[in-house]
Amino acid sequence: EAGVVQSPRYKIIEKKQPVAFWCNPISGHNTLYWYRQNLGQGPELLIRYENEEAVDDSQLPKDRFSAERLKGVDSTLKIQPAELGDSAVYLCASSLGGTDTQYFGPGTRLTVL
Amino acid sequence: KNEVEQSPQNLTAQEGEFITINCSYSVGISALHWLQQHPGGGIVSLFMLSSGKKKHGRLIATINIQEKHSSLHITASHPRDSAVYICAVCPVVGGSEKLVFGKGTKLTVNP
């Protein structure tokens, strides 16, 4: 069975440019998470979806970040415009919900120049 | 102060050594996870614990709920165990779905 798929794996952009990340969760997993991980730190939750509903987006910087999960399966995370401080690894994870194990994708490493 | 503290931050061992990584947390939890992150970013879930002890191969994870402490042990360590090991907890307050992560312990096992 395929795991969580993310693309692209790496992205380098100049500041003020837009960028988008894509995530395909494990089939049947209703809960989807986007995390940001800065160098030397643990992941920090940006947004959590239950099906197509964003149930926790309290840590998402809404002035420049947006996310969607229109059909309750794939999700995209967008940054517009990107800033230097957005350089990080963006991780997507999915689970069956509750305290069930979260399965992580390989992440997208974003570098903003 | 972070809600989840790991020690040590960095650990270097020789192949074959017994390794212990510690995790302390300050909030009530419903579960604790140990995760492994290899260079390149991918994270793999090793254990989910709510009490006692779990073993998988050379990995052993224990948790003491009263002391708010967990340990991850690796027996007969091998260079392929080199990775960052992350402790994450599910706080009871704020919803059990939310994971709070430690900063990780970077393990290097030399041949």
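The following refers to the structure shown. (Residues numbered from 1 in each chain as written. Chains lettered and ligands numbered in written order. Predicted model: local features only at pLDDT ≥ 70, side-chain atom pairs only at ≥ 80, totals over all residues. Heavy atoms only, no water.)

Let's talk about the overall build of chain B
Helix and strand counts for chain B come out as zero helices and 11 strands. Starting at the N terminus, the α and β elements of chain B follow one another as β-β-β-β-β-β-β-β-β-β-β. Taking 111 residues into account, the globule formula puts the C-alpha radius of gyration at 13 Å, and chain B, at 13 Å, falls close to it. Projected onto its principal axes, the C-alpha coordinates of chain B cover approximately 45 × 30 × 25 Å. Scored against the burial criterion, the 111 residues of chain B give a buried share of 41%. Charge-centre separation for chain B: the mean point of 10 positive side chains lies 3 Å from the mean point of 7 negative side chains. (Helix = DSSP H or I, 4+ residues; strand = E, 2+ residues; numbered from the N terminus. Rg over C-alpha atoms; globule rule 2.2 N^0.38 Å. Buried < 20%, exposed > 50% of the residue type's maximum accessible area, 1.4 Å probe, protein only. Lys, Arg positive; Asp, Glu negative; His and termini not counted. Charge placed at Lys NZ, Arg CZ, Asp CG, Glu CD.)

Describing the overall build of chain A
Along the backbone of chain A there are zero helices and 11 strands. Going from N to C terminus, chain A has its helices and strands arranged as β-β-β-β-β-β-β-β-β-β-β. Relative to the compact-globule value of 13 Å for 113 residues, chain A shows a C-alpha radius of gyration of 13 Å, a close match. Along the longest, intermediate and shortest principal axes, the C-alpha atoms of chain A span 35 × 25 × 25 Å. Residue burial in chain A is summarised as follows: out of 113 residues, 46% are buried. The contacts of chain A with a sequence gap of at least 6 include a subset with a gap of at least 24, amounting to 53%. Computed over 12 positive and 14 negative side-chain charges, the inter-centroid distance for chain A is 8 Å. (Contact = heavy atoms within 4.5 Å.)

Description of the pairing of strand E8 (residues 75–79) of chain A
Residue and element names in this part refer to chain A. Counted residue by residue, E8 has four buried out of five residues, so it is predominantly covered. Pairing between strand E7 (residues 65–68) and E8: four bridges, direction antiparallel. Within E8, the position partnered with Phe65 by the bridge is Ile79. From the end of E7 to the start of E8, which pair antiparallel, there are six residues, and Gly72 there has a positive phi angle of about 75 degrees. (Pairing = 2+ DSSP bridges.)

Overview of the environment of B:Glu15
Residue and element names in this part refer to chain B. On the secondary structure map, Glu15 appears in the loop between strand E2 (10–14) and strand E3 (19–25). In sequence terms Glu15 and Ile65 are 50 residues apart; their C-alpha atoms lie 31 Å from each other. Each residue touching Glu15, except ones within four places of it in the same chain, is listed here: Ser77, His78, Pro79, Val109, Asn110 and Pro111.

Examining the pairing of strand E6 (residues 53–56) of chain A
Residue and element names in this part refer to chain A. Two strands pair when backbone bridges link them, and strand E5 (residues 44–50) and E6 are joined in this way by three bridges, in the antiparallel orientation. Considered in E6, the bridge of Glu50 is made with Glu53. Here E5 folds back onto E6, and the loop between the two strands holds two residues, one of which, Asn51, carries a positive phi near 55 degrees.

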